[in-house]
Amino acid sequence: MRQFDTVIRNGTLATASDVFRADLGISQGKIVAIGVDLDAGVVEIDATGKLVVPGGVDGHCHLEQPTRDGSVMADDFFTGTRSAACGGTTTVIPFACQFKGQAMRDVIADYHRRAAGKPVVDYAFHLIVSDPTEQLLGQDLPALIRDGYTSFKIYMTYDDMKLNDRQILELLSVARRDGAMAMIHAENADFIGWLTETLLAAGNTEPRYHAQSRPMLVEREATHRAISMAELADVPILIVHVSGREAVEQIHWAQGQGLRIFAETCPQYLVLTEHDLAGHGFEGAKCICSPPPRDKENQAVIWDGLASGIFHIVSSDHAPFRYADPAGKMIRGGATPFNWVPNGIPGIETRLPILFSEGVVKGRISLQRFVELTATNPAKMYGLYPRKGCLAIGADADIVIYDPERRVTITNSLLHHNVDYTPYEGLAVTGWPETVLSRGTVIVDHGDFVGTAGHGMFLRCDPPELARPKPFVPSP
Ligand code: URP
Ligand code: ZN
Ligand code: ZN
């Protein structure tokens, strides 16, 4: 008789393709058996009436990322990953962000120092490239890709980050040659600059004008341009945080042309609208992120795209700035003009519950699609599959036992981040992660965080197969 370290018994397993009743056996941190009536485990977990899904992979979040405006991200690698774990996410991929003049190797070393001893779940890093010098393009970036940093973000907006089209093309050709996934923040910087000045000149400084400074066409134009550059460079790209119809139309068109354009969206574009930026007083600043939330019609288009396959991943874009804080949303006081409010909202813990409740429970997406969008595809997108993102023999035992019936009204005091608000305050959801395992270790037990700082391991990512210019065709 074989004894497992842990057996999860009588659950309903859900993968990106199937839903079935089975037991799951874990030894030495790996999934080693899936079957019926498995032998005993040293630890037995009863999952009767529960779903057993792969731990979420959050392919877009920001932790302890330095900024240039004096604002401070409130979550470090402990509080941010604790919050992720309690929300059913067992792998996070935050960014190591280069500022102009910095060598990328130094940036990476700095982020490893920040993370040291803190993460409670496994983590990798994307790079953000803001200074594509010859040294970076020719030497540093190819070497880092070989070392397991196989994705990088390109900004088309933000004055201290944005790259011009020529620089983007140079980077896309490195992605093509060395097999990295390029993630594009698609908003037109000059359009935003002009609109912002016009709004401010008319005395329009409140949070709601943030949405007016970045209307849909700003995103549509940049999305189109990013797609054109990907076509020219002949390389797949991922358009991140897509917010509405006009960008979706560009992506859908490109996919119809056979271009490998991948798309990410986030819960904020599914449940928030621009009206949330017009909250009482300065409250709307709690929902300032870029691109901004749109309207109900745009939300419906994003839901359709999730169901139809236009989108590949759902990430949190967790960017944790506190509200009542001079290092957060109130960086210039309680009436900070919208153009000074740090962009980004917290959401690392609420990503799975919102998508499950609004998507699966409301019948908009299947359970398999939920798993695909939150775990399997992000693992594939960033070269972590099949170690992460699936329930398969040999995969890391990163597992969520999900109570599909628990009703929760989201309120900030329930959450485990270090932020003083959630933009989803009062949102009622059905379903919540109950017990979470990271490489076989229980880190959330019936809703209680029991993990330890430093348990999380750094992951080197493979060059993602999805980043290859041409689809893989098996030889006959
Ligand atoms: O507003 C946002 N999304 N802030 C986070 C940084 C980014 O561009 O993803
Ligand atoms: Zn972005
Ligand atoms: Zn982001």
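That block above? That's the structure.
Residues numbered from 1 in each chain as written. Chains lettered and ligands numbered in written order. Predicted model: local features only at pLDDT ≥ 70, side-chain atom pairs only at ≥ 80, totals over all residues. Heavy atoms only, no water.

> Explain the coordination of the zinc ion (ligand 2) here, please?
Metal coordination angles in their ideal form are 109.5 degrees for the four-donor tetrahedron and 90 or 180 degrees for the six-donor octahedron. Within the protein, the zinc ion (ligand 2) binds to Lys153 (NZ), His185 (ND1) and His241 (NE2); these donor distances fall in the range 2.1 Å. Here the zinc ion (ligand 2) and the zinc ion (ligand 3) are spaced 4.1 Å apart. One end of the pair, lysine 153, is in strand S11 (residues 151–155); the other, histidine 241, is in the loop between strand S13 (237–239) and helix H8 (245–256), and 88 residues separate them in sequence. One exposure class covers both lysine 153 and histidine 241, and it is buried. (Donors = N, O, S within 2.8 Å, 3.2 Å for Na, K, Ca; no water. Helix = DSSP H or I, 4+ residues; strand = E, 2+ residues; numbered from the N terminus. Buried < 20%, exposed > 50% of the residue type's maximum accessible area, 1.4 Å probe, protein only.)

> Can you help me understand the packing of helix H5 (residues 189–201) against helix H7 (residues 216–233) in this one?
Helices that pack against each other are described as a pair by the angle of their axes relative to one another and the distance between those axes. One way to put it is that H5 packs onto H7 with a least axis distance of 9 Å and a crossing angle of 160 degrees. As the angle between them shows, H5 and H7 are arranged roughly antiparallel. Considering only the axes of H5 and H7, their crossing is right-handed. Residue-level inspection shows Phe191, Ile192 and Leu195 of H5 in contact with H7, the latter providing Leu217, Val218 and Glu221. Along the lines of polarity and charge, the residues of the contact of H5 with H7 split into five nonpolar, no polar and one charged. (Axes fitted to C-alpha atoms, helices over the stretch in contact; angles between N-to-C directions. Parallel < 35°, antiparallel > 145°, perpendicular 65-115°, else oblique. Left-handed = near helix turned anticlockwise from the far one by under 90°. Contact = heavy atoms within 4.5 Å. Nonpolar A, V, L, I, M, F, W, Y, C, P; charged D, E, K, R; others polar.)

> Is there a simple way to think about the nonpolar core in this case?
By size, the foremost hydrophobic cluster in this structure holds 132 residues, and its most contacted members are Phe152 and Leu172. For this core, the leading source of residues is H7, giving seven residues. Ignoring anything within four residues of it in the chain, the contact list for leucine 172 reads Ile154, Ala182, Ile184, Met229, Ala230, Ala233, Val235 and Ile237. Counting 16 residues, the second-largest nonpolar core is a separate cluster that includes Ala22, Ile31, Cys390 and Leu391. (Core = buried A, V, L, I, M, F, W, Y, C linked by side-chain atoms within 4.5 Å.)

> Is there a simple way to explain the environment of lysine 388 in this structure?
By secondary structure assignment, the location of lysine 388 is in the loop between helix H12 (367–381) and strand S16 (399–409). Among the residues examined, lysine 388 registers a relative accessible area of 1% and is labelled buried. Discounting residues that sit within four places of it in the chain, lysine 388 has contacts with Val57, Thr91, Asp122, Ala379, Asp396, Asp398, Arg439 and Leu459.

> I'm lost on the layout of surface pockets in this one. Help?
Roughly 1000 Å³ of volume is contained in the largest pocket. In terms of lining, the largest pocket is formed by 41 residues, of which the most central are Tyr158, Asp159, Asp160, Asn339 and Asn343. Elements represented by at least two residues in the lining of the largest pocket include exactly S11, H5 and helix H6 (209–213). Looking at which element gives the most residues to the lining of the largest pocket, the answer is H5, with six residues. Residues that form the lining of the largest pocket fall into these classes: 15 nonpolar, 16 polar and 10 charged. (1 Å grid on protein atoms, 1.4 Å probe; cavity = no way out; pocket = protein on both sides within 12 Å on 5 of 7 lines; lining within 4 Å. Points joined across faces, edges and corners; volume = space filled by probe spheres on them.)

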